[in-house]
Amino acid sequence: MSYRYSELWKSQKWKKLRQNLFRLQRRVYKAVQAGDHKKVRSLQKLIMKSRSAQLLAVRQVTQLNQGKRTAGIDGKENLNYRERIELVETLNHYGHTWFHSGLREVPIPKRNGKTRMLKIPTIADRAWQCLVKYALEPAHEANFHPRSYGFRTGRSAQDAQKYVFENLNSMKNGITKRVIELDIKKCFDCISHKSIMDRLLAPANLKKGIFRCLKAGIRPEFHELEKGTPQGGVVSPLLANIALDGIEDIHPSVRYADDMVLFVKPEEDAEKIRPKVEEFLRERGLEVSKEKTKITKTTDGFDFLGWHMRVKYNGKFHCTPSVDNHRKIRQKIKAVVNSSNYGAKVKAKKLALIVRGWRNYHKWCDMSSVRDKLWFMRKTANRKFRKEKKVNRYQANELCNQAFPAVGYKQNGHAMVKANKSPYDGDLVYGRKRNTALYDNHTAKALTRQNHSCGYCGLKFSDGESVHLHHIDGNHYNWKPKNLMAVHQSCHQQIHWSKPTGSENLGAV
């Protein structure tokens, strides 16, 4: 019986399902642009009832998301194939009348010594939220402000970084400007439910489900309160973006989720801008953190999204990884190197993921200042590797080469997304070329060779799923171009599923 469900799940034509969902989402996007809200609501109902969307939502939360093995209050960390099919049927029957379960609270320490509460839904609730996101996102993407970059498909932190450069470089006299570093006090915890519900473009039944989802994040003793969107939900960042959209119109600025920087010219009075921002936030149940919000000279520098940005006295814009961001990566590397749970080879693989990801994130800023510090981390790793009996000096050097992969950097070289572009506008060529630029040398070259198509399923890459690099012969030390193939994350899983060894244990994947 379990084998039948396994085959049923694996035999799904995911390429066709993605095409079906995208076709509906594109129609939603165009209907909003045309102002036909009745058609928008009708199409959103179709998405909620779409078998393609339901299957993709379950696959997203059980196979692709980073938190796929995180349990909610029901204690379930993963679903087998039978449970996945049953969840699809549940979404089909109760999608419009979904009753959200409670949330599991996990305390996360903050820099200032305080803690924030991560509230984790059950896997079933996350699947429903993912389905809701499929219906809501294209509708709101048609109206979102172009200077909002956080938690939006097809946009990234690097776009926000480039926009700061565009406003503070020497051509824009950035040396004469100041910035307002805006910090919203407990944004996700205090955002008004009414401000979200009033701005939602959705059918009435779907709104009820979202309202229940928001209420699930409130403790029973505070149930009369109607504020806060739970951090940890699939749809929470989108709901926060919906409520905060429009704050960018107050003054020239850039926003990434609840992080925001406003640019102030010499002749402008920064103290007159703050009351307008405070009034906007007050309408949404939010307030400015007076301790963290400050007006800074660009020559003094400021931290934004893990970077330290400042304008030098020669007028040139300079960006480096922030001190706090660099401290965190050193802590992650040290934790792996000093771990007694893994051997040198496993450590090298884990370090490679951490270091490559960090270097790719910062590839458009000046990395020369942190190069020496990483060299010392590499030296420590080499010494630890050589302490193992089966690892000699030559092998330790090879493992360190794998653990600390080189990624080139070029200051301010990122191509910022065009203001009017969206993944749902139908211009797939533009999105694919931008997607290629997000990856390092080997993956980028494979994408170009394959004309931005998956080497396994043939489907063009979109912004919705990450690109993996597959070694065709299984040898991860063979980096010849003929042995490398760019594939979807899910296709990469499918390739390894099809191997005869270990197929009996795939139910928990």
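No experiment lies behind these values; they were computed from the predicted model shown.

**Re the environment of Trp-9**
Move 1: Positionally, Trp-9 belongs in helix 1 (residues 2-10).
Move 2: In contact with Trp-9, other than residues within four places in its own chain, are Trp-14, Leu-55, Val-58, Arg-59, Gln-63, Tyr-81, Arg-84, Ile-85 and Val-88.
Move 3: In this structure the side chain of Trp-9 is engaged in a polar contact, spanning 2.6 Å, whose partner is the side chain of Gln-63.

**Comments concerning the nonpolar core**
Proteins that are soluble and globular tend to have nonpolar side chains buried together.
Move 1: Core analysis: the biggest nonpolar cluster contains 70 residues, and Trp-128, Tyr-134, Leu-136, Leu-206, Ile-210, Leu-239 and Leu-281 have the highest contact counts within it.
Move 2: At 10 residues, helix 6 (residues 123-141) tops the list of elements feeding residues into this core.
Move 3: Apart from residues lying up to four places away in sequence, Leu-136 is in contact with Gln-44, Leu-200, Leu-201, Ala-202, Leu-206, Ile-210, Val-235, Leu-238 and Leu-239.
Move 4: If you look at the next biggest cluster of nonpolar residues, it comprises 45 residues, including Trp-307, Ile-329, Val-337 and Leu-399.

**A short note on the packing of helix 13 (residues 323-337) against helix 14 (residues 344-361)**
Two quantities define a packed helix pair, namely the angle between the axes and the distance from one axis to the other.
Move 1: One way to put it is that helix 13 packs onto helix 14 with a least axis distance of 9 Å and a crossing angle of 170°. Between helix 13 and helix 14, the angle is such that the two are roughly antiparallel. The segment helix 13 lies against helix 14, with Asn-325, His-326, Ile-329, Lys-332, Ile-333, Val-336 and Val-337 engaging Lys-347, Lys-350, Leu-351, Ile-354, Val-355 and Trp-358.
Move 2: Looking at the contact of helix 13 with helix 14 residue by residue, the class counts come to 8 nonpolar, 2 polar and 3 charged.

**So, empty space enclosed by the protein**
Move 1: For the structure on display, the rule yields 3 cavities of 30 Å³ or more.
Move 2: What the second largest cavity holds in volume is close to 40 Å³.
Move 3: If you trace the second largest cavity, you find it lined by Ile-180, Leu-182, Leu-262, Ile-273, Arg-274, Val-277, Glu-278, Val-288 and Thr-293.
Move 4: Every element with two or more residues in the lining of the second largest cavity is listed here: strand 3 (178-183) and helix 12 (270-282).
Move 5: At 4 residues, helix 12 tops the list of elements feeding residues into the lining of the second largest cavity.
Move 6: Class assignment of the residues belonging to the lining of the second largest cavity gives a composition of 6 nonpolar, 1 polar and 2 charged.

**Side note on the packing of aromatic side chains**
Move 1: Tallied over the entire structure, the rule returns 9 aromatic pairs.
Move 2: Plain terms: the ring middles of Phe-22 and Tyr-424 are 6.5 Å apart, the flat faces sit at 25° to each other, and that makes the pair stacked. One end of the pair, Phe-22, is in helix 2 (residues 14-33); the other, Tyr-424, is in the loop between helix 16 (393-403) and helix 17 (428-437), with 402 residues separating them in the sequence.
Move 3: Note on Phe-22: relative accessible area 24%, which makes it partly exposed.

**Side note on the pattern of salt bridges**
Move 1: With the rule as written, the count across this model stands at 11 salt bridges.
Move 2: Between Glu-279 and Arg-282 there is a salt bridge, with its nearest N and O atoms 2.5 Å apart. A residue pair is termed a helical-turn pair when its members lie 3 or 4 positions apart in one helix, as Glu-279 and Arg-282 do in helix 12 at 3 residues.
Move 3: Classification of Glu-279 as partly exposed rests on a relative accessible area of 37%.
Move 4: For Asp-324, the salt bridge is made with Arg-327, and the minimal N-O distance between the two is 2.2 Å. On the criterion of helical spacing, the pair formed by Asp-324 and Arg-327 is a turn pair, its members being 3 residues apart in helix 13.
Move 5: Looking at Asp-324, the relative accessible area reads 16%, which means it is buried.
Move 6: Several salt bridges converge on common partners, so that one network encompasses Asp-324, Arg-327 and Lys-328.

**Remarks on helix 10 (residues 204-215)**
Helical geometry: 3.6 residues make up each α-helical turn, so side chains three or four residues apart lie on a common side.
Move 1: An ideal rise of 1.5 Å per residue puts 16 Å on 12 residues; helix 10 measures up with 17 Å between its terminal C-alpha atoms.
Move 2: Of the positions making up helix 10, those classed as buried are Leu-206, Gly-209, Ile-210, Cys-213, Leu-214 and Lys-215.
Move 3: Buried positions along helix 10 lie against helix 3 (37-49), helix 6, helix 9 (193-197) and helix 11 (236-244).

**Some remarks on the layout of surface pockets**
Move 1: If you add up the space inside the second largest pocket, you get close to 200 Å³.
Move 2: What lines the second largest pocket is simply Asp-303, His-308, Thr-320, Pro-321, Ser-322, Val-323, His-326, Arg-327, Arg-330, Ser-369, Val-370 and Lys-373.
Move 3: Residue assignment for the lining of the second largest pocket shows that the elements contributing at least two residues are strand 9 (317-321), helix 13 and helix 15 (368-386).
Move 4: Tallying contributions element by element places helix 13 first for the lining of the second largest pocket, with 4 residues.
Move 5: Looking at side-chain class alone, the lining of the second largest pocket contains 3 nonpolar, 5 polar and 4 charged residues.

Cut-offs used in this document
Residues numbered from 1 in each chain as written. Predicted model: local features only at pLDDT ≥ 70, side-chain atom pairs only at ≥ 80, totals over all residues. Heavy atoms only, no water. Helix = DSSP H or I, 4+ residues; strand = E, 2+ residues; numbered from the N terminus. Contact = heavy atoms within 4.5 Å. Polar contact = N/O pair within 3.5 Å; in protein donor to acceptor, adjacent residues only side chain to side chain. Core = buried A, V, L, I, M, F, W, Y, C linked by side-chain atoms within 4.5 Å. Buried < 20%, exposed > 50% of the residue type's maximum accessible area, 1.4 Å probe, protein only. Axes fitted to C-alpha atoms, helices over the stretch in contact; angles between N-to-C directions. Parallel < 35°, antiparallel > 145°, perpendicular 65-115°, else oblique. Nonpolar A, V, L, I, M, F, W, Y, C, P; charged D, E, K, R; others polar. 1 Å grid on protein atoms, 1.4 Å probe; cavity = no way out; pocket = protein on both sides within 12 Å on 5 of 7 lines; lining within 4 Å. Points joined across faces, edges and corners; volume = space filled by probe spheres on them. Phe/Tyr/Trp six-rings, centres within 6.5 Å; stacked < 30°, edge-to-face > 60°. Salt bridge = Lys/Arg side-chain N within 4 Å of Asp/Glu carboxyl O. Expected span 1.5 Å × (residues − 1).

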